[in-house]
2 protein chains.
Amino acid sequence: MALPTQSTNFPAWYQAVVKGADLAENSLARGCMVVKPYGWAIWEGIQAAMDERIKATGHQNLQFPLFIPYRLLEREAEHVEGFKPEVAVVTHAGGEELEEPLVVRPTSETIIWDTYSRWVQSWRDLPLLYNQWCNVVRWEMHPRLFLRTTEFYWQEGHTAHATADEAMTEQRRMLVEAYQDVCERVLALDVRPGHKTESERFPGADDSMTIEALMRDGKALQAGTSHYLGQNFAKAYNVRFQNREGELEYAYATSWGVSTRLVGGLIMQHGDDRGLRLPPALAPYQVVVVPIFRTDDERVRVLEAAGRLTGDLAALGLRTRLDDREDHRPGFKFNEWELKGVPLRVELGPRDLDAEQAVVVRRDTLEKATKPLGDLAGSFPALLEDIQRTLREQAVAFTDAHTLRPSSYEEMRSFLEASGGFAVGPWCGRADCEAQVKEDTKATIRFLPLDLEDAAGPCVACGDSAIVEATWARAY
Amino acid sequence: MALPTQSTNFPAWYQAVVKGADLAENSLARGCMVVKPYGWAIWEGIQAAMDERIKATGHQNLQFPLFIPYRLLEREAEHVEGFKPEVAVVTHAGGEELEEPLVVRPTSETIIWDTYSRWVQSWRDLPLLYNQWCNVVRWEMHPRLFLRTTEFYWQEGHTAHATADEAMTEQRRMLVEAYQDVCERVLALDVRPGHKTESERFPGADDSMTIEALMRDGKALQAGTSHYLGQNFAKAYNVRFQNREGELEYAYATSWGVSTRLVGGLIMQHGDDRGLRLPPALAPYQVVVVPIFRTDDERVRVLEAAGRLTGDLAALGLRTRLDDREDHRPGFKFNEWELKGVPLRVELGPRDLDAEQAVVVRRDTLEKATKPLGDLAGSFPALLEDIQRTLREQAVAFTDAHTLRPSSYEEMRSFLEASGGFAVGPWCGRADCEAQVKEDTKATIRFLPLDLEDAAGPCVACGDSAIVEATWARAY
């Protein structure tokens, strides 16, 4: 299968990779996807890495229900405003019409904070540091596999604290120590952390932080968010505790989530015209061994050697696949594993065996090398580390190369209209200016610096005096 | 908190353990539960063990949508008959009434087999060996935490095969190699495998297998099921493949599942009047260390020694908790950890330190022993293995002691009416006889032998000539 190229038609390339690499497909339930085994294995890898960080930072997993009584959703005004248009509603169950309809959770702040009102009495009960892995549903008019689906899979952390400071520390910690760390070290992505502007905040939040990643078409993807909810939900759901001074006080909240959207980000930041490129730390298979033979004699000889090599690699703890399928030719297999992004491919034929060597192909650079069979397996861990590092360096280099500090609004405008990447410059901080740029260019402010500092000079968009530096881009 | 005893009020005891051990609670969404961190950690342990077996037997995880278009559900006649009264239906979404309502999956055969019709063309595409971990919803009139809830958590395996034999081998394999194995080795349960009678089959199945476990009140719990679905779903959803002879043939199906119900089984087969007893292989904490002190000097000394011991235990790979909470007395902690079923408790006070010893209490037998501190940690892995073995032996002994081969229907009847356990005897195989026993005793046939053999003599229930041996019990 020939893929569309990224440069000619990026959306078609994306769709073709998702399909060709057997990651997911659309289902009969509109906007919902079937995540296929290879796609789900990638998500399980992300889950494992993220779950480890979530637990290592003192959080515990639990599970709240899928359904939220309608009246609960309505208590936090901004929140219901934001989510009401997107919810799916159960009106009938058990053969009868329900007295009160149930909302399929679009996110779980409402039912969780209502429950917390019964769990929290004293400062001794705080903090609550909880997380759940689950499915959520937000009705989606323009679904795109992984990026924007009606049902998606995620984790949502919901914590309650005795002080605003502690909650804000938590909010930032999860963004940096969990999300950014996993994205950089495991997914080998380049993500940029920062604050959202007020207009881009989570409904009901006092502050939203984000990690933003630049895709290869120059558009940004919001890859994870962490919110400081202040006392908004505590007030709406009456979560009060007796503080150390004996006074009743509302608790302070955070919530934070990453979703299957990250799989989309992985595809679009690392992928090339041949398909996926998976970082070794995450790849379901790190090495694939493809035997090459024509005659039966060759078959026996090559499969034996390939089996031995596969065993050696597995013994080193590497996730290895011996592709001994007989109904496909080697060339077909090479293409397929490139499309699926397996970091290393070993090609092994009878002439290689005669010369006691094998051909090794790196997916990241497409470099092809002939290597002695002797300690081939032993050389792979270092090689995989190098691939992991290279993918990350390429991602950083791409983002840097597609970041512009425009010297005029005209320059910024044409850069953003062409989806050139991140435009960085001083901003006045006004919502109407932000809206004007969006109208002119379809670009939004993706983030403000994580450590907010005053900016000097005129706003790059409107010329008024700036208060902070902002990063704009068109986005998914 | 004093628990009700098992013998005076088993249901009250169960509820008190679920609440007291902080496993789960009812939520505002009727019939749905909030699974609390300790309960969820137990479920995560079950998931990990089961997932390992599922993958080791060649299956891959994937994910199908939560929603099933209503018309899809209606295609397999028996299946829709069985599930239609229990489904929750989404009629509105995105602010509008849907043209076609969506069912929240009660199980996923329908959408999966409809999808398989597009995945399967040739015998080369078979078998499909897939599994998903997810939530499902069956509207429940009489919910009980873990045992029977509107939303519950499970895995559902769905496989497609080219021959009936292969599918039947798969059905049995998952029951025995995954479910029975994990229940026995990890959960230390006694489960008895067998076939369901026709009247107890899964809607749409040609044969249902089950593992049944006897609870401490003499009632049985269906702890997992594995179904051979024949070609029923292939015909309903048109899943045909070209066989090796070039002819079009319908594929053969299995499905199999275990759920959060297993947590209920664990509580009710191992628990005693003091609460949960968790098998070490599954326990979130295998060892808890409780320091005892009064003065500040003692506090420093004891906490230091307790910390050292905890470190030694963790270094051995044991899941250990140092309970250094200062707002609870040791006696309170002893009760709490007994209620939570932690396999081993270490009590360490200043006098123990003087004597270079510690008090070790086993949760399974409640034996209390004073042991030298010297190689205390080193002795624990063997001790935990012994606890694991003992819990399993106790479970088997209990089931054996509560299994009766009645010599008359009168004896069987009074045994079953008193929830005495499993009654085993020859059965005529007739559904009306089965129904009569149910009417007389509220007991059902829990299973027929896994290897069906002819039985001789008269049916223990009706006196007609028997064809098979059956096992009756009252059940959850």
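Residues numbered from 1 in each chain as written. Chains lettered and ligands numbered in written order. Predicted model: local features only at pLDDT ≥ 70, side-chain atom pairs only at ≥ 80, totals over all residues. Heavy atoms only, no water.

(A) Quick look at the nonpolar core. Ranked by size, the top nonpolar core spans 61 residues in total, and within it Leu-23, Ile-42, Phe-146, Leu-187, Ile-267 and Leu-276 of chain B carry the most contacts. Here this core takes 8 residues from helix α2 (residues 37-56) of chain B, the largest share from any one element. Discounting chain neighbours no more than four positions away, the residues touching Ile-42 of chain B are Leu-23, Val-263, Leu-266, Leu-276, Leu-278, Leu-282 and Pro-284 of chain B. Val-191, Trp-256, Ile-267 and Leu-450 of chain A belong to the second-largest nonpolar core, a separate cluster that totals 60 residues. (Core = buried A, V, L, I, M, F, W, Y, C linked by side-chain atoms within 4.5 Å. Buried < 20%, exposed > 50% of the residue type's maximum accessible area, 1.4 Å probe, protein only. Helix = DSSP H or I, 4+ residues; strand = E, 2+ residues; numbered from the N terminus. Contact = heavy atoms within 4.5 Å.)

(B) Fine view of the sheet that holds strand β22 (residues 444-449) of chain B. Residue and element names in this part refer to chain B. The mixed open sheet is built from 11 strands, whose spatial order is β3-β7-β8-β14-β11-β10-β9-β22-β23-β21-β20. Unpaired on one side and paired on the other, β3 (60-61) and β20 (403-404) mark the two borders of the sheet. Taken together, the 5 bridges between strand β11 (residues 220-230) and strand β14 (residues 252-259) define a ladder with antiparallel strand orientation. Bridge assignment links Ser-226 to a residue of β14, and that residue is Trp-256. Against the sheet, helix α5 (residues 109-119) makes contact with β7 (128-137), β8 (151-161), β11 and β14, and its axis sits at roughly 30° relative to β8, the strand it touches most. (Pairing = 2+ DSSP bridges. Axes fitted to C-alpha atoms, helices over the stretch in contact; angles between N-to-C directions.)

(C) Quick peek at empty space enclosed by the protein. Within the structure shown, the criterion is met by 2 cavities of 30 Å³ or more. Each pocket or cavity is described by its volume, and for the largest cavity that value is around 50 Å³. Taken together, Trp-337, Glu-338, Val-342, Pro-343, Leu-344, Arg-345, Val-361, Arg-362, Arg-363 and Leu-366 of chain B make up the full set of residues lining the largest cavity. The set of elements that each furnish at least two residues to the lining of the largest cavity consists of α10 (330-339), β17 (344-348) and β18 (357-362) of chain B. Considered class by class, the residues forming the lining of the largest cavity number 6 nonpolar, no polar and 4 charged. Taken together, Trp-337, Glu-338, Val-342, Pro-343, Leu-344, Arg-345, Val-361, Arg-362 and Arg-363 of chain A make up the full set of residues lining the second largest cavity. Breaking the lining of the second largest cavity down by element, the ones donating at least two residues are α10 (330-339), β17 (344-348) and β18 (357-362) of chain A. (1 Å grid on protein atoms, 1.4 Å probe; cavity = no way out; pocket = protein on both sides within 12 Å on 5 of 7 lines; lining within 4 Å. Points joined across faces, edges and corners; volume = space filled by probe spheres on them. Nonpolar A, V, L, I, M, F, W, Y, C, P; charged D, E, K, R; others polar.)

(D) Structural context of the relation of the copies chain A and chain B. Structural alignment of chain A on chain B gives an RMSD of 0.0 Å, achieved by rotating through 180° and translating 0.0 Å along the axis. Read as a symmetry element, the transformation amounts to a two-fold axis. Distance from the rotation axis, computed per C-alpha, reaches its smallest value in chain A at Val-90 of chain A: 2.1 Å. A share of 100% of interface residues in chain A that are also interface residues in chain B marks the association as one of identical surfaces. (Least-squares fit on C-alpha atoms with pLDDT ≥ 70 in both.)

(E) Spotlight on the interface of chain A and chain B. At the junction of the two partners, chain A supplies 49 residues and chain B supplies 50 residues. Linking chain A with chain B are 2 salt bridges. The shortest N-O distance in the salt bridge between Glu-44 of chain B and Lys-55 of chain A comes to 2.8 Å. Summed over the shared surface of chain A and chain B, the result is 18 residue pairs in polar contact (both at pLDDT 80 or more). When residues of the side of chain A that touches chain B are assigned to their parent elements, the largest contribution, 6 residues, is made by strand β5 (residues 88-93) of chain A. Class assignment for the residues of the side of chain A that touches chain B results in 29 nonpolar, 10 polar and 10 charged. Taken together, the 5 bridges between β5 of chain A and strand β5 (residues 88-93) of chain B define a ladder with antiparallel strand orientation. Bridge pairing links Val-90 of chain A to Val-90 of chain B in β5 of chain B. (Salt bridge = Lys/Arg side-chain N within 4 Å of Asp/Glu carboxyl O. Polar contact = N/O pair within 3.5 Å; in protein donor to acceptor, adjacent residues only side chain to side chain.)

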